[in-house]
Amino acid sequence: MSEASVAVHADADLLAQAVAARLVVKLLDAQAERGAASIVLTGGRIAAAVHRAVLTLPAHDAVDWSRVDVWWGDERFLPAGDPDRNETQARAALLDLVPLDPARVHPMPATDGPTGDDPEAGAAAYAEELARAARPGHAALPHFDVLMLGVGEDGHVASVFPEHPVHHDTRPVSAVRGSPKPPPVRTTLTLPAINTAEEVWLVASGPDKARSVGMALAGAGPKQVPAAGVQGVSRTLWLLDRAAAADVPARLRSLR
Ligand SMILES: O=C(O)[C@H](O)[C@@H](O)[C@H](O)[C@H](O)COP(=O)(O)O
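Let us look at the structure shown here. Just so we're clear, the structure is a prediction, and the values are computed from it rather than from any experiment.

**Observations regarding the packing of aromatic side chains**
Thinking step 1. Counted under the stated rule, the structure contains one aromatic pair.
Thinking step 2. Pairing Trp71 with Tyr126 gives two aromatic rings, centres 6.0 Å apart and planes at 75 degrees, and the pair type is edge-to-face. You can see Trp71 sitting in strand β3 (residues 68–72) and its partner Tyr126 sitting in helix α4 (residues 119–132), a full 55 residues away along the chain.
Thinking step 3. The class for Tyr126 is buried, based on a relative accessible area of 1%.

Laid out in structure tokens, this is it:
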């Protein structure tokens, strides 16, 4: 498991641009090495800004989008096309605007999908979809080149919230009820599943995130600050703007 590293950018716009640039390079590298690339998306404002920024980079045309697998780390359990779904936001900002292979795009369940309005059945179906794409030698999950996460003011990542029963779920995908951030019902990868990704990038901007980011990097417990329990296999990268980095322990900070 990897040590965390931290990169700090001046503001939210530059942060989104920098993450987008890293993402394009990561996809190009993965395709050069393996012929394909896989990303795991999340929701929230900074994720949406990153998705929009990818399209502004001329180099995004160098990615072979037909060989990119797209998964989600979490989703709001709502009907397909609902504007509050992470999928809807990602499609509008990026996915519908690049030539992806629709068979390689794997949205999390919607309330009007085949498993209906039952979040547990939806989570089980997503776990099966992941298992069908599993890499050799791993029973449950495909290879994830990069998994991106936003970070909540309370330190949540994906839909793993502090002190929530989801922490006791050992399956890769969990249905979440009673989310403190609306909507209350969600689907999420659990921390053990998140931590199988080759690289995990935690992206946070703004002063409201400073406390939880600082606590996570200072070694808080993952039940209290879920972001503290995130660790990519070869890299755990915190990508922050200055405001979100205000409480990062000095030894980890590389301010620009
Ligand atoms: O569905 C969601 O809302 C999320 O996936 C959630 O984990 C999000 O990434 C953080 O809450 C940060 O969101 P912001 O970038 O909007 O603060």
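Moving on from the model shown.
**Describing empty space enclosed by the protein**
Thinking step 1. Taken as a whole and judged by the stated rule, the model has one cavity of 30 Å³ or more.
Thinking step 2. The wall of the largest cavity is formed by Thr42, Ile46, Ala47, Val50, His51, Met148, Leu149, Gly150 and Val203.
Thinking step 3. Looking at the lining of the largest cavity, the elements that each hand over two or more residues are α2 (45–56) and β5 (146–150).
Thinking step 4. Considering only residue class, the lining of the largest cavity consists of six nonpolar, three polar and no charged.

**A closer look at the nonpolar core**
For soluble globular proteins, nonpolar side chains are generally found buried alongside one another.
Thinking step 1. By size, the foremost hydrophobic cluster in this structure holds 76 residues, and its most contacted members are Leu189 and Trp238.
Thinking step 2. With eight residues, the single largest contributor to this core is helix α1 (residues 12–34).

Definitions and cut-offs
- Residues numbered from 1 in each chain as written.
- Predicted model: local features only at pLDDT ≥ 70, side-chain atom pairs only at ≥ 80, totals over all residues.
- Heavy atoms only, no water.
- Phe/Tyr/Trp six-rings, centres within 6.5 Å; stacked < 30°, edge-to-face > 60°.
- Helix = DSSP H or I, 4+ residues; strand = E, 2+ residues; numbered from the N terminus.
- Buried < 20%, exposed > 50% of the residue type's maximum accessible area, 1.4 Å probe, protein only.
- 1 Å grid on protein atoms, 1.4 Å probe; cavity = no way out; pocket = protein on both sides within 12 Å on 5 of 7 lines; lining within 4 Å.
- Points joined across faces, edges and corners; volume = space filled by probe spheres on them.
- Nonpolar A, V, L, I, M, F, W, Y, C, P; charged D, E, K, R; others polar.
- Core = buried A, V, L, I, M, F, W, Y, C linked by side-chain atoms within 4.5 Å.

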